[in-house]
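Listed below are the residues making up each chain.
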Amino acid sequence: MTTDTAASERSGSDGLFARLDTPQLLKVVEEELATTRFIDVHTHLFMPSLGKLGLWGIDELVTYHYLEAELFRSSRITPEQYWSLSKLEKADTIWKALFVENAPVSEATRGVIAVLRAFGLPTDSHDLTEARAFFAAQEPLAHIRRVFALAGVSEVVMTNDPLDPDEAPLWEYGAEPDSQFRPVLRLDRILNKWADHWQILNSQGYGVYADGRGTTALEVRRFLGEWCARMKPLYMACSLPDSFAFPNDDIRGRLLAEAVLPAARDFSIPLSLMIGVRYQVNPALRLAGDGVGKADLRALERLCVGYPENRFLVSVLSRENQHELCVYTRKFSNLMPFGCWWFLNNPSIVEEITRERLEMLGTSFIPQHSDARVLEQVIYKWRNTRRTLAPILAHSYQLLADDGRPVSRADIRRDITRLFRGNFESFCGASRVNATRV
Ligand code: RAT
Ligand code: ZN
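Numbers given to residues run from 1 along each chain, matching the order in which its sequence is written. Here every chain gets a letter starting at A, and every ligand a number starting at 1, in the order they are written. Under the rules for a predicted model, residues below a pLDDT of 70 receive no local features and side-chain atom pairs below 80 are neither given nor counted, while totals for whole chains, interfaces and linings still include all residues. Here the side-chain values reflect all heavy atoms present in the structure, with hydrogen atoms and water set aside.

## A few points about the site of ligand 1
Okay, step 1: Only a single heavy atom is needed: when it lies within 4 Å of a molecule or strand, its residue is near that molecule or strand. Neighbouring ligand 1 are H42, H44, H65, Y66, R186, S239, W341, W342, D371 and R373.
Okay, step 2: Whenever two N or O atoms come within 3.5 Å, that pair is a polar contact, provided that in protein one can donate a hydrogen and the other can accept it, and provided that, for residues adjacent in sequence, both atoms are side-chain atoms. The contact in question runs from an oxygen atom of ligand 1 to an N or O atom on the side chain of W341, over 3.0 Å.
Okay, step 3: Within the side chain of R373, one N or O atom sits 2.4 Å away from an oxygen atom of ligand 1.
Okay, step 4: In the complex, 95% of the free accessible area of ligand 1, which totals 300 Å², lies under the protein chains.
Okay, step 5: We call Asp, Glu, Lys and Arg charged. Ala, Val, Leu, Ile, Met, Phe, Trp, Tyr, Cys and Pro are nonpolar, and the rest, Gly among them, are polar. Counted by class, the shell around ligand 1 contains three nonpolar, four polar and three charged residues. Surface accessibility follows the Shrake-Rupley procedure with a 1.4 Å probe radius. Residue values consider only the protein chains on display as shielding.

## So, the packing of aromatic side chains
Okay, step 1: Ring geometry is summarised as follows: Phe, Tyr and Trp rings, the Trp one being its six-membered ring, pair when their centres sit within 6.5 Å, and such pairs are stacked at plane angles under 30 degrees, edge-to-face over 60 and tilted between the two. Following the criterion strictly, the structure yields 18 aromatic pairs and no others.
Okay, step 2: Considering the side-chain rings of F223 and W227, the 6.4 Å spacing of their centres and the 50° angle between planes classify their relative orientation as tilted. Remark: W227 and F223 occur in helix α13 (residues 216–231); sequence separation between them is four residues, near one turn of the helix.
Okay, step 3: In this analysis the charged atom, NZ for Lys or CZ for Arg, is taken to sit over a ring once it is within 6 Å of the ring centre and within 35 degrees of the ring normal. Between R230 and the ring centre of W227, over which it is positioned, the NZ or CZ distance is 4.5 Å.
Okay, step 4: Cation over ring: R386 sits above F38, and NZ or CZ is 3.9 Å from the ring centre. Here a helix means four or more residues in a row that DSSP labels H or I, a strand means two or more in a row labelled E, and each is numbered from the N terminus.

## Notes on the packing of helix α17 (residues 347–361) against helix α18 (residues 377–402)
Okay, step 1: The axes used here are C-alpha line fits, helices contributing only the stretch in contact, and every angle between their N-to-C directions lies in the interval 0 to 180 degrees. Taken N-terminus to C-terminus, the directions of α17 and α18 make an angle of 30°; their axes are 10 Å apart at the nearest point. Relative to α18, α17 is oriented roughly parallel. Of the two possible hands of crossing, α17 and α18 adopt the one that is right-handed. Contacts between α17 and α18 involve P347, V350, E351, T354, R355 and L358 on the former and, on the latter, T388, L389, I392, L393, H395 and S396. Roughly parallel covers angles under 35 degrees, roughly antiparallel covers those over 145, roughly perpendicular covers 65 to 115, and oblique covers all other angles. Helix crossings are classified by the rotation of the near helix relative to the far one: an anticlockwise turn of less than a right angle makes the crossing left-handed, while a clockwise turn makes it right-handed. Residues count as neighbours in contact if any of their non-hydrogen atoms are within 4.5 Å of one another.

## Some thoughts on the confidence of the model for the protein
Okay, step 1: By definition, pLDDT measures how confident the predictor is in each residue, and it falls between 0 and 100. With 95% of its residues at a pLDDT of 70 or more, the protein has an overall mean of 95.
Okay, step 2: Scored below 50 in pLDDT, residues 1–11 makes eight contacts in the model with residues more than four places away or belonging to other chains.

## Describing the sheet that holds strand β1 (residues 38–40)
Okay, step 1: Read across the open sheet, the three strands follow the order β1-β2-β3; overall the sheet is parallel. Here the strands that pair on one side only, and so sit at the sheet edges, are β1 and β3 (181–182).
Okay, step 2: Bridge count for strand β2 (residues 153–157) against β3 is two bridges, and the pairing is parallel. When the sheet's bridge partners are listed, V156 is paired in β3 with F181. Any two strands with at least two DSSP-identified bridges between them are counted as paired.

## Overview of the side chain of D59
Okay, step 1: Take D59: it is sitting in helix α3 (residues 58–62).
Okay, step 2: Only protein chains enter the calculation, and the probe is 1.4 Å; a residue is then buried if its accessible area is under 20% of its type maximum, exposed if over 50%, and partly exposed in between. With a relative accessible area of 13%, D59 lands in the buried category.
Okay, step 3: Ignoring anything within four residues of it in the chain, the contact list for D59 reads K87, L88, A91, L128 and R132.

## Notes on helix α14 (residues 251–267)
Okay, step 1: Compared with the 24 Å implied by 1.5 Å per residue over 17 residues, the 23 Å span of α14 between its first and last C-alpha is a close match.
Okay, step 2: The seven residues ending at a residue and the seven starting there each receive a fitted axis; the angle between those axes is the bend at that residue. Approximately 35° is the largest bend angle found in α14, and it occurs at A257.
Okay, step 3: For α14, the full list of buried residues reads R252, G253, L255, L256, A259, V260, L261, P262, A263 and A264.
Okay, step 4: Downstream of α14 by one or two residues, S268 has phi in the positive range, about 55°. Helix span, as expected, comes to 1.5 Å for every residue beyond the first.

## Thoughts on the pattern of salt bridges
Opposite charge on two side chains lets them pair, provided their charged atoms get close.
Okay, step 1: Salt bridge criterion: a side-chain nitrogen from Lys or Arg within 4 Å of a carboxyl oxygen from Asp or Glu. With the rule as written, the count across this model stands at 27 salt bridges.
Okay, step 2: A salt bridge links R132 to D59; the shortest N-O distance between them is 2.7 Å. Taken as a pair, R132 in helix α8 (residues 129–136) and D59 in helix α3 lie far apart in primary sequence, 73 residues in all.
Okay, step 3: Put simply, E425 and R421 hold a salt bridge, and the shortest N to O gap is 3.6 Å. Note that E425 and R421 are positioned in helix α19 (residues 409–428) at a spacing of four residues, about one turn of the helix. Neither E425 nor R421 differs from the other in exposure class; each is buried.
Okay, step 4: Here the residues in one salt-bridge network are K27, E31, E32, R409 and R413, joined through shared partners.

## Looking at the environment of L55
Okay, step 1: Along the chain, L55 turns up in the loop between β1 and α3.
Okay, step 2: You can call L55 partly exposed: its relative accessible area is 33%.
Okay, step 3: Separated by 321 residues in the primary sequence, L55 and E376 place their C-alpha atoms 9.0 Å from one another.
Okay, step 4: Excluding residues that lie within four positions of it along the chain, L55 makes contacts with E60, R373, V374 and L375.

Here is the structure:
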C-alpha cells in the first residue's frame, strides 16, 4: 500500500482505519466475524485419507450423542431398545421424537435445523427421505470444501488416537496428510486407561509394565516420540476427570510427568488438558453417558509453575471452574484457555464465559472450538458462535469508546484474527498454510 493510499484509507469514513461510531460497531463486528476464516482448534473430524472414520450426513447428524441424550427425555424408548436399532432406525426414532413430536429448540436439535437450511433442505419434514437423498448424492471432497466455506473455517484440528485399532494402522501405512485437517495426538487411552492398553504397547516391543515400573515411562516417551514423528501433531491432548490431581503417584501422574511432558518438550508442542469429565455417570447411555464435575485447578497451577518449558492449552468443563481458569491464565503465559466445551456450548453460557474472558484477558485467549463429530456440524456450531459473540465484542468496543478510545475496522479485524487464528497459531507454533480471509 502506498503512503497516499494508506492516508486516504485512514481519513475515509468507510476506510479500514476510520474510527467507528456506535451504530456502525455491531455491523462491522458481524462483517469481520463473517469474513475471517477461523481455525477450529478441536474437533473429532477426520481427513479423507482416514476413510470411514470421518462421519458426515443426515443420519450421523441426527444420531449425534448430544441428541441421543435428549431422546430419552422425550421418548419412552429404553437405551437397550435404542442400541439394538440400525443407524437409520436410530435416526428415524430421534427425528420423530425430537423434531416431529416436539419443537427442536435445544441447542443440539436446532443445529440440525440450521444445517438442513444451509443446504436448502426442508426443515419440517415428517421423515428424512429427502435429506438422505441429498447427502447420498454429494461428492465427498467437494462437499468438504463447501462445508468449510459455509462454516467459515480454513482448517480443523482432528483428534487422532494412536491406540485406536481402526485408526492406528492407517497412520502406519502412511495416511495422506491434508492441510485442511491438522493432526493431534490424543492420549486418553494411555493416561486414563493404561490398565487396558499397556499390553498393546508391550506387544509392539515397548518395555512397559502394568504398574509403570522400570523402563515404562522412558518407553512411553519413546512411543510418543515415534508417533509425533509419524503424525506431526500440532499438540498432544487428553481429557481428564473432575478428580484430576497433580502431582500424583498414580500411573497417570507418573506417565504425565515422566513421559508426556518430556515428549511435548522434545517436539516443542503444547499439551491440551480438557478437565472436568465425570465418566460414565450413566453407562447405559454409552458415549452420551458422561457428566461433569468441578475440578481442583490447583493441579493446573502446579503444572504451569513446575513445567515452565511446557505449554498448556486448557478447557474446563464445569461452569464453576471458568473464573479460576481466567485467574490462572493471568498468572501463566504458558497457559492458553480455549473453547466453551460440550455442556458449556450453549449461548447463555458461552456469553457469560466470553464476557468474563474478555474482561480479564483482553484478546489473549481462544474463544471457541466446535468439537464437531460430524462434518456438517461445523456449519451450525460456528454460525452460533459468530451470532453469540458479535454483540459481546461490539459491547466491549462500545465500552472502550465510551471511555475515550473508539476503534476502527482495522482494530476489530486484528482482534478477531488474533482470537480465532493467531493465538492458536502462535501458541502451537503452527505455520499459516491456509487463507485467513474469505
Ligand atoms: O463433546 C464431546 O463430543 C465429548 O464427547 C468428548 O468427545 C470431548 O469433546 C472430548 O474430546 O473428550
Ligand atoms: Zn472433543
